[in-house]
Amino acid sequence: MTQNKPYLMALDQGTTSSRAIIFDKKGQIVSLAQKEFKQYFPQQGWVEHDPEEIWTSQSSVMIESIVNKGIGVDEIAGIGITNQRETTIVWNRKTGKAIYNAIVWQDRRTASYCNQLKEEGHAEAVVSKTGLIIDAYFSATKIRWILDHVEGARQQAEAGELAFGTVDSWLVWKLTKGAHHLTDITNASRTMLFNIHSQEWDQELLNLFGIPKSMLPEVKSCSEIYCETAGDVLKNKIPIAGIAGDQQAALFGQLCTEPGMAKTTYGTGCFLVMNTGKDAVRSKNQLLTTVAWKIGNEINYALEGSVFIGGAAIQWLRDGLELFDQAKESEALAMSLNDNDGVYFVPALAGLGAPHWDQNARGAIFGITRGTTKAHFTRAALESIAYQVYDVIKAMEKDSGKQTKELRVDGGATANNFLMQFQADLLECEIKRPKIIETTAIGAAFLAGLALGFWESQEEIQKLWKADQSFQPTMPEDKRKKLLHFWQKAVERTKNWEE
Ligand code: ADP
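What you are looking at is a predicted structure, and each value in this text was computed from that prediction instead of being measured.

### Overview of unusual backbone geometry
The peptide bond linking A354 to P355 adopts the cis configuration, its omega dihedral lying at -5°. By the element assignment, P355 lies in the loop between β19 (344-346) and β20 (364-366). Its identity is not glycine, yet E86 carries a phi of approximately 70°, on the positive side. Looking at the element boundaries, E86 is found in the loop between β5 (76-83) and β6 (89-92). A residue is classified by how much of its surface remains accessible, and E86, at 1% relative accessible area, is buried. Located in the positive-phi region is E322, a residue other than glycine, with phi close to 55°.

Right, here's the structure in full:
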């Protein structure tokens, strides 16, 4: 009886490490094991992982997480998987061996092919079917690259001998010793091959990219008992019952289950996802439309946007300008001032993303006077993170016609209370930082737990989500308007700098 087993295991397969986290019924972490693995940069702009190392790191932390805390394998009710999205693996169905390294989402090798596709006029078909903007980021052009560059790959693919999978599929294949080749709908929706409206692989796109349909995994919902682990992976067979890509898992882990609820992860960059309910909203601001999750027959869509330089702005002040030793010192420095005194920093260090989209923008600091100190630089950098998130949220609101009800946050920079309060002030909405900060892993655990009856219902898991701290807007309207006015003016002046 799975209901009587006390624990669930979440596999959180990220870009730099594999983690296994064991949760109890209260959603608390009982055990956590983590292992980093090697990043390969074979050429400028290329990023690869060794698929075998992804698997061995993941399987070893699974075992560690059990053994370290003396947990019995028979106490684990099931497994949920969440993973780095878009990363592409192609393997031979007979041998189970990958025919090339995993091409990681960050890899830009197919960028010029993507430009060519845009020039040939394919952008509209791609966005209307997949919700995505043609980019090297997504899996489709990476699969094509492997078929074009690995000797014999295309013939093998056409003979049905090869399988493609994102990292979730690869893990399921390994966990079941090749018995199952499947993925979930959120991972499928990031391949640029999946029609998010009809919810099936799109033959026209497969033709465009020259990818045989036989390579593709079966697409499942995010919460169902898909299969069991093979007998010798762990001592007992354990059901695999939940899968979602990392951003979607975090949205579910934050229990943003109502339309208009959004989460932002404040890490190196900022990753925003807003639940838009049953509507797959087409963005007018180049945000992505994506599947949030599918549970039973119910599908939920989301809008997604990212800010390239979030916490990295603070890293730059720390490591580039050496203004302080630790990121957390930025909070006291910012709070040593009552105001930004008119200093604005636009961290367009890698161009500007949504909703401005200017690759030629570059960073700039405005409003410097004789009185400007490092405290002003620091405050301006923290404020810039919040302004950028504000800009994306406003674009999401415009696209979806939904008002942000509340913003739930996670990631390293949410430790900064100044930033959180400033964000609440700008957005004029409540910001909630949860007690359980492992939002991605717990999202996968929730999805698996619902399928297994470990938790009875979404209402039951709603009760597990608790805010650690919430931030209410308090800033006077005229001050807010003035800050936003100068921020917008500063952003305009950074645009189109590179020629
Ligand atoms: P990632 O997963 O992208 O590596 P994390 O979620 O670990 O990121 O967050 C790290 C980022 O948060 C870094 O860019 C760092 O500069 C920033 N950061 C960490 N602590 C603070 C803080 N107290 N105030 C502001 N920024 C912080």
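### Concerning helix α13 (residues 417-427)
Most of α13 is tucked away, with nine of its eleven residues classed as buried. The N-cap of α13, judged by a side-chain oxygen 3.1 Å from the amide nitrogen of F418 a few residues on, is N416. Directly after α13, the chain includes E428, whose backbone phi takes a positive value near 50°.

### Notes on the sheet that holds strand β22 (residues 430-434)
Here we have seven strands laid out as an open sheet, ordered β17-β18-β16-β15-β21-β22-β23, and mixed in their pairing. The outermost strands of the open sheet, each flanked by one partner alone, are β17 (288-295) and β23 (467-471). Across the sheet, the mean angle from the axis of one strand to that of its neighbour is 25°, orientation sign disregarded. In this structure, β17 lies alongside strand β18 (residues 298-307), joined through seven bridges in antiparallel fashion. Residue T290 lies in a different strand from β18, and its bridge partner there is A302.

### Some details on the pattern of salt bridges
Scanning the entire structure with this criterion turns up 30 salt bridges. Of the charged contacts, one joins K129 and E204 as a salt bridge, the two residues approaching to 3.1 Å between their closest N and O atoms. Separated by 75 residues along the polypeptide, K129 in helix α3 (residues 123-130) and E204 in helix α8 (residues 203-209) bring together distant segments of the chain. Residue classification places E204 among the exposed positions, given a relative accessible area of 54%. Of the charged contacts, one joins E492 and K495 as a salt bridge, the two residues approaching to 3.0 Å between their closest N and O atoms. Because the salt bridges share partners, they merge into one network encompassing R85, E86, R190, D246 and E304.

### Considering the packing of helix α1 (residues 51-67) against helix α6 (residues 167-175)
Viewed as axis vectors pointing N to C, α1 and α6 meet at an angle of 65°, and their least axial separation amounts to 11 Å. The interaxial crossing formed by α1 with α6 has right-handed handedness. Residues P51, E52, I54, W55, Q58 and M62 of α1 pack against V167, W170, L171, K174 and L175 of α6. For the contact of α1 with α6, the class distribution of residues is eight nonpolar, one polar and two charged.

### Let's talk about the packing of aromatic side chains
To describe a pair of aromatic rings, one takes the distance between the centres and the angle between the planes. Tallying each qualifying case throughout the model produces 16 aromatic pairs. Geometrically, the ring pair formed by F252 and W293 is edge-to-face, given 4.9 Å between the ring centres and 70° between the ring planes. Of the two residues, F252 sits in helix α9 (residues 246-253) while W293 sits in strand β17, which places them 41 residues apart along the sequence. For the pair formed by F252 and W293, the shared burial category is buried. Measuring from centroid to centroid gives 4.8 Å for F454 and W455, while their planes differ by 90°, and the two rings are edge-to-face.

### Section: the packing of helix α12 (residues 374-400) against helix α16 (residues 477-494)
Running from N to C, α12 and α16 point in directions that differ by 90°, and their axes come no closer than 11 Å. Here α12 is positioned roughly perpendicular relative to α16, judged by the angle of their axes. Taken together, the residues of α16 that come into contact with α12 (itself represented by S384, Y387, Q388, Y390 and D391) are R480, L483, L484, W487 and Q488.

### Some points on the nonpolar core
In this structure, L193, F209 and M215 are the most contacted members of the largest nonpolar core, which totals 72 residues. Among the elements that line this core, the one with the most residues is helix α14 (residues 439-452), at eight residues. Here this core spans two domains, since at least three of its residues come from each of domain 1 (2-247) and domain 2 (255-499). Core analysis: the second largest hydrophobic core is formed by 58 residues, Y390, M420, L426 and I431 among them.

Cut-offs used in this document
Residues numbered from 1 in each chain as written. Predicted model: local features only at pLDDT ≥ 70, side-chain atom pairs only at ≥ 80, totals over all residues. Heavy atoms only, no water. Helix = DSSP H or I, 4+ residues; strand = E, 2+ residues; numbered from the N terminus. Buried < 20%, exposed > 50% of the residue type's maximum accessible area, 1.4 Å probe, protein only. Polar contact = N/O pair within 3.5 Å; in protein donor to acceptor, adjacent residues only side chain to side chain. Pairing = 2+ DSSP bridges. Axes fitted to C-alpha atoms, helices over the stretch in contact; angles between N-to-C directions. Salt bridge = Lys/Arg side-chain N within 4 Å of Asp/Glu carboxyl O. Left-handed = near helix turned anticlockwise from the far one by under 90°. Contact = heavy atoms within 4.5 Å. Nonpolar A, V, L, I, M, F, W, Y, C, P; charged D, E, K, R; others polar. Phe/Tyr/Trp six-rings, centres within 6.5 Å; stacked < 30°, edge-to-face > 60°. Parallel < 35°, antiparallel > 145°, perpendicular 65-115°, else oblique. Core = buried A, V, L, I, M, F, W, Y, C linked by side-chain atoms within 4.5 Å. Domains from an automatic or database assignment.

Spatial relationships are all this shows, so hold off on functional conclusions.
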